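Observations on the three-dimensional arrangement
Take a look at the letters that make up each chain.
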Amino acid sequence: MKPGPLAFSLVSGAVAAWLAVACSSTPGSTDKFTVTGPNPGDFSATTGGVGPVFERHCGSFDCHGNPSRAMRIYSQNGLRLPNEAGILPGAAVTTPDEVSANYRSIIAVEPEQTNSVTLGKAQPDSLLIIKKPLGPGPGEAHKGGTVMIKGDDTEKCLTGWLLGKVDKNACTAAAQLP
Amino acid sequence: MSSFSRFAGVLAIATFAACGMDPVHDGAVAAQGKEVTGVPIGEFHRAGQPCVVCHEEHGPASNSVFSIAGTVFAGPNGTVGVEGATIQMTDSKNSKFEKATNCVGNFFVKPSEWDPAFPILVRVAKGAAKRSMKSPIGREPSCGNCHARIIDENNQYGSMPHVYLFAGDDPAGPSKNCPVNPDLGL
């Protein structure tokens, strides 16, 4: 698969993903930074996937299911990617396009650092996607407060995924709706 | 203004509030429009609106702050309030609280009654009728900031229709001895 600006195949289950970040100082520059992201197949898996955990814990309209906020998350029970099919919040399951957009927006929070973590050069807890939900103390200040605790299913799911050995049971448990 | 931009406005409150001046919040308050003639300012007013835009520390109703508030309508179409529906809420520390709607379908919770640790889960019930919200509410205290009275091309991907309990009318019918008309007629 040939990497391209913000283009990669997630649905096909490719293991490496590339995110091209155009050099900001030179408009029109073709310089690219290539990111190897954590396994997109584990992200998009319908059972034990990591994507549904982000949807469940981060994706409400008043949090990351909101176009005005970073790390935008689309989901069945939250914000929908504009579509021609008439799919609205609370209706059809999260679409492949939405899953793919979520994956990219999660990587895009810190492309370089995510790359380092995926390549084993840094620890998952160096990433904002781990520090923010942990909140102040174990993590860092987060407008949405503490929404994950070290050792809980959500943390196990996310950390395992970033380390390349996803814990599907933890992800399934963390994605559970009441 | 679309209710989605109102929503975005509300979320900006915390950022601006410290400066003592908040044009975004002022806009969100103004967007709710004037009081309706014949409906006194109080528990029956502004059914369906995002109550806590005003009923918060920096809003025009700062002397009656609510931790959660909203309105339950009978069906998906029309705007007849449901009296005596119960809002059953559970917070992230498993603390539970229930509040009943008044005769226009409005309900409100004061922090002295219940000050939940978000995220919270909600369910609406009356008799055998029940409707649960599957996903949690992250931090938004007004049902009406996500459940808009009007859904159109501006907000359809980021808002839900108004909160309702029945497929059509409330089998018990609208309240008969309500001081104001429980049908907004919208």
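Treat the numbers as computed from the prediction; the structure is a model and nothing was measured.

What follows is about the interface of chain A and chain B. Across the contact, 23 residues belong to chain A and 19 residues belong to chain B. Summed over both sides, the interface between chain A and chain B buries roughly 1800 Å², with carbon and sulfur atoms accounting for 63% of that surface. When the buried area of chain A at its contact with chain B is split by residue, Phe61, Asp62 and Lys143 of chain A rank highest and sum to 33% of it. Between the two partners, chain A and chain B, sit zero salt bridges. Scanning the region where chain A abuts chain B turns up five residue pairs in polar contact (both at pLDDT 80 or more). By residue class, the composition of the side of chain A that touches chain B is 11 nonpolar, seven polar and five charged.

Time to look at the packing of aromatic side chains. Under the counting rule described, the total for this entry stands at seven aromatic pairs over all chains. Ring geometry for phenylalanine 54 of chain A versus tryptophan 161 of chain A: centroids 6.4 Å apart, planes at 70°, classification edge-to-face. One end of the pair, phenylalanine 54 of chain A, is in helix α2 (residues 51-58); the other, tryptophan 161 of chain A, is in helix α6 (residues 153-162), with 107 residues separating them in the sequence. Neither residue differs from the other here; phenylalanine 54 of chain A and tryptophan 161 of chain A are each classed as buried. Seen in terms of ring centroids, phenylalanine 66 of chain B and phenylalanine 108 of chain B are 4.8 Å apart; in terms of plane orientation they differ by 25°. Their pairing is stacked.

In the structure shown here, the tally under the stated rule is six salt bridges over all chains. Here glutamate 140 of chain A makes a salt bridge to lysine 131 of chain A, at a shortest N to O gap of 3.8 Å. A relative accessible area of 24% means that lysine 131 of chain A is categorised as partly exposed. A salt bridge links aspartate 170 of chain B to lysine 126 of chain B; the shortest N-O distance between them is 2.8 Å. Of the two residues, aspartate 170 of chain B is situated in the segment after β8 (160-161) and lysine 126 of chain B in strand β5 (residues 121-126); the sequence distance between them amounts to 44 residues. Its relative accessible area of 9% is what places aspartate 170 of chain B among the buried residues.

When you line up the elements, alanine 28 of chain B lands in helix α3 (residues 23-30). Using a relative accessible area of 0% as the deciding quantity, one classes alanine 28 of chain B as buried.

To continue, consider the state of the cysteines. A complete count under the given rule lists two disulfides over all chains for this structure. There is a disulfide in this structure between cysteine 103 of chain B and cysteine 178 of chain B, and the S-S distance comes to 1.9 Å. Negative torsions about the S-S bond denote left-handed disulfides, and the value of about 65° found for cysteine 103 of chain B with cysteine 178 of chain B makes this one right-handed. Of the two residues, cysteine 103 of chain B sits in the loop between β3 (96-100) and β4 (106-109) while cysteine 178 of chain B sits in the segment after β8, which places them 75 residues apart along the sequence. Since its relative accessible area comes to 15%, cysteine 178 of chain B is described here as buried. You can see cysteine 63 of chain A has no disulfide; the closest cysteine sulfur is in cysteine 58 of chain A, sitting 8.4 Å from it. Classification of cysteine 63 of chain A as buried rests on a relative accessible area of 14%. Lacking any disulfide linkage, cysteine 54 of chain B is separated from the closest cysteine sulfur, that of cysteine 51 of chain B, by 8.7 Å.

Phe43, Val50, Phe54, Ile129, Leu158 and Trp161 of chain A are the most contacted members of the largest nonpolar core, which has 27 residues in total. Breaking this core down by element, the ones donating at least two residues are α2, α3 (96-107), α5 (128-134), α6 and α7 (168-175) of chain A. In contact with phenylalanine 43 of chain A, not counting residues within four places along its chain, are Gly49, Val50, Gly51, Pro52, Phe54, Val99, Asn102, Tyr103, Ile106 and Trp161 of chain A. Membership of the second largest hydrophobic core comes to 20 residues, among which are Ala74, Val122, Ala129 and Ile137 of chain B.

Quick look at the layout of surface pockets now. Regions of empty space are outlined by a rolling probe, equal in size to a water molecule, passed over the atoms. All names here are of chain B. Approximately 720 Å³ is the volume found for the second largest pocket. If you go around the second largest pocket, you meet 34 residues; those closest to its centre are Ser132, Met133, Lys134, His147 and Met160. Looking at which element gives the most residues to the lining of the second largest pocket, the answer is β5, with three residues. Here the residues of the lining of the second largest pocket sort into 19 nonpolar, 10 polar and five charged.

Cut-off values and rules
- Residues numbered from 1 in each chain as written.
- Chains lettered and ligands numbered in written order.
- Predicted model: local features only at pLDDT ≥ 70, side-chain atom pairs only at ≥ 80, totals over all residues.
- Heavy atoms only, no water.
- Contact = heavy atoms within 4.5 Å.
- Buried area = accessible area lost by both parts, 1.4 Å probe.
- Salt bridge = Lys/Arg side-chain N within 4 Å of Asp/Glu carboxyl O.
- Polar contact = N/O pair within 3.5 Å; in protein donor to acceptor, adjacent residues only side chain to side chain.
- Nonpolar A, V, L, I, M, F, W, Y, C, P; charged D, E, K, R; others polar.
- Phe/Tyr/Trp six-rings, centres within 6.5 Å; stacked < 30°, edge-to-face > 60°.
- Helix = DSSP H or I, 4+ residues; strand = E, 2+ residues; numbered from the N terminus.
- Buried < 20%, exposed > 50% of the residue type's maximum accessible area, 1.4 Å probe, protein only.
- Disulfide = S-S within 2.5 Å.
- Core = buried A, V, L, I, M, F, W, Y, C linked by side-chain atoms within 4.5 Å.
- 1 Å grid on protein atoms, 1.4 Å probe; cavity = no way out; pocket = protein on both sides within 12 Å on 5 of 7 lines; lining within 4 Å.
- Points joined across faces, edges and corners; volume = space filled by probe spheres on them.

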